[in-house]
Amino acid sequence: GEGAEVMYLPVNSSGERFAFTCEGARAALDRGVDCLNRYSNLQREPAISSSQPAISSSQRVEASRLLEEAGEHLNTALMVSRLVGTGVEDRKVEARALGNLAMVYVKSNDGAEAIARYRECLALMDMTAGNGFDALKKKVLNGLTLKCMAMERLRDARYYCEQHLRSATTKANVDVLTKRLQDIGDAIIDEGMRLSDGR
C-alpha cells in the first residue's frame with residue numbers, strides 16, 4: 001500500500017544490496033550484465049601469440065571475480081523478479097536474467113548448467129509469446145545449438161538449430177544456419193557409423 005516500507009535483500013559479497021521490488025530486480029540484472037560485459041572485455045585483450053596467455057594472473061583473478069559477481073547479481077534478479085513481478089516487463093527481466101546466467105555458465109565451462117538455464121529461458125519466452133522476445137529468443141537458440149554441439153548432444157543441437165532457422169529473417173543468417181544444420185546432420189551420420197562399427 002501507499003507508504004509501505006521497502007524491503008531490501010541482505011548486502012551481497014560485493015557490498016551491494018537491492019530492493020525487494022521490480023525495480024530492484026532490474027537494478028540487479030543491469031549490474032549482472034555489466035559484470036559479464038566487463039569480463040568479456042577483459043578476455044578480449046589481444047594475445048602476443050597463441051602460446052602466450054592473453055591475460056595476466058592479476059587479470060585472471062579480476063575476471064574470476066567479475067564472473068562470480070555476475071552470477072550473484074543475475075541470480076538475485078531472477079529470484080526477485082519471480083517473487084514480486086507479475087507483469088510482462090517482469091517476465092522480460094526474468095528471461096534476460098536466465099539468458100545471461102546461461103552465459104555465465106558457458107564462460108565457467110559448465111555446459112550442463114548453461115543448457116538448463118537456456119532451456120528455462122526458452123520455456124518462459126514460449127509461455128509469454130508475442131511480447132518482444134524475438135531477438136533474445138534467437139540468441140538463446142544460437143547458444144543452445146552451439147553448446148549442444150560442443151557437448152555432442154547432436155540431436156538436441158539439430159532441434160534448436162531448426163527452430164532458429166525458422167525464425168531467421170536475413171539471407172546471411174539463413175545461409176549460416178542452413179550450413180550449420182548440414183554440419184550437424186553430417187555429424188549425426190558419422191556418429192551412427194562409428195556406433196555401427198563398434199568404435
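It should be emphasised that the depicted structure is a prediction, and the values quoted were computed from it without experimental measurement.

Engineer: Even after reading the chapter, I still don't get the confidence of the model for the chain, so can you show me in this structure?
Structural biologist: For any part of a model where pLDDT is low, the fine detail of the predicted coordinates should not be relied upon. For the chain, the mean per-residue pLDDT works out to 88, and 89% of the residues sit at or above 70. The weakest mean pLDDT in the chain belongs to helix α7 (residues 171-197) at 91; the strongest belongs to helix α6 (residues 154-167) at 96.

Engineer: In this structure, what is going on with the packing of helix α1 (residues 22-43) against helix α3 (residues 88-107)? I would like to understand it.
Structural biologist: Packed helix pairs are characterised by how far apart their axes lie and by the angle those axes make with each other. Running from N to C, α1 and α3 point in directions that differ by 25°, and their axes come no closer than 10 Å. Overall, the two elements α1 and α3 adopt an arrangement that is roughly parallel. For the crossing formed where α1 meets α3, the hand is left-handed. Across the interface between the two elements, C22, A25, R26, L29, V33, L36, Y39 and S40 from α1 touch D90, V93, R96, A97, N100, M103, V104 and K107 from α3. In terms of residue class, the contact of α1 with α3 is built from 10 nonpolar, two polar and four charged.

Engineer: Could you clarify how one ought to interpret the layout of surface pockets in this entry?
Structural biologist: Where empty space is left in the structure can be found by rolling a water-sized probe over the atoms. Looking at the largest pocket, its volume works out to about 270 Å³. Lining the largest pocket we find R96, G99, N100, M103, Y118, A135, L136, K139, V140, N142 and G143. Those elements giving two or more residues to the lining of the largest pocket turn out to be α3 and α5 (134-150). Tallying contributions element by element places α5 first for the lining of the largest pocket, with six residues. For the lining of the largest pocket, the residue count by class is five nonpolar, four polar and two charged.

Engineer: When you look at the side chain of D90 in this model, what are you seeing that I'm missing?
Structural biologist: Among the secondary structure elements, D90 is positioned in helix α3. No salt bridge is formed by the buried D90, whose closest oppositely charged neighbour, R26, lies at an N-O distance of 4.2 Å. If near-sequence neighbours (up to four positions away) are discounted, D90 is found in contact with C22, R26, S81 and G85.

Engineer: What am I meant to see in the pattern of salt bridges here?
Structural biologist: Two side chains bearing opposite charge may form a pair once their charged atoms approach each other closely. With the rule as written, the count across this model stands at 17 salt bridges. For R65, the salt bridge goes to E69, with nearest N and O atoms at 2.4 Å. Taken together, the residues span about one helical turn, with R65 and E69 both in helix α2 (residues 57-84) at a distance of four residues. E94 is the partner of R91 in a salt bridge, and the nearest nitrogen-oxygen pair spans 2.7 Å. Of this pair, R91 and E94 both sit in helix α3, three residues apart, roughly one helical turn. By relative accessible area, R91 is classed as buried at 16%. Residue classification places E94 among the buried positions, given a relative accessible area of 8%. It is possible to trace a salt-bridge network through shared partners that takes in R82, R91, E94, E113, R117 and E120.

Engineer: What should I look at first to understand the packing of aromatic side chains in this one?
Structural biologist: Aromatic rings considered in pairs are described by the distance between their centres and by the relative angle of their planes. The final tally for this structure, using the stated rule, is one aromatic pair. With a centroid separation of 5.2 Å and 70° between ring planes, the pair formed by Y159 and Y160 is classed as edge-to-face. Taking relative accessible area as the criterion, Y160 reaches 7% and is therefore assigned buried. Taking NZ or CZ as reference, R17 lies 4.2 Å from the ring centre of Y8, over its face.

Basis of the calculations
Residues numbered from 1 in each chain as written. Predicted model: local features only at pLDDT ≥ 70, side-chain atom pairs only at ≥ 80, totals over all residues. Heavy atoms only, no water. pLDDT = per-residue confidence, 0-100. Helix = DSSP H or I, 4+ residues; strand = E, 2+ residues; numbered from the N terminus. Axes fitted to C-alpha atoms, helices over the stretch in contact; angles between N-to-C directions. Parallel < 35°, antiparallel > 145°, perpendicular 65-115°, else oblique. Left-handed = near helix turned anticlockwise from the far one by under 90°. Contact = heavy atoms within 4.5 Å. Nonpolar A, V, L, I, M, F, W, Y, C, P; charged D, E, K, R; others polar. 1 Å grid on protein atoms, 1.4 Å probe; cavity = no way out; pocket = protein on both sides within 12 Å on 5 of 7 lines; lining within 4 Å. Points joined across faces, edges and corners; volume = space filled by probe spheres on them. Buried < 20%, exposed > 50% of the residue type's maximum accessible area, 1.4 Å probe, protein only. Lys, Arg positive; Asp, Glu negative; His and termini not counted. Salt bridge = Lys/Arg side-chain N within 4 Å of Asp/Glu carboxyl O. Phe/Tyr/Trp six-rings, centres within 6.5 Å; stacked < 30°, edge-to-face > 60°. Lys NZ or Arg CZ within 6 Å of the ring centre and 35° of its normal.

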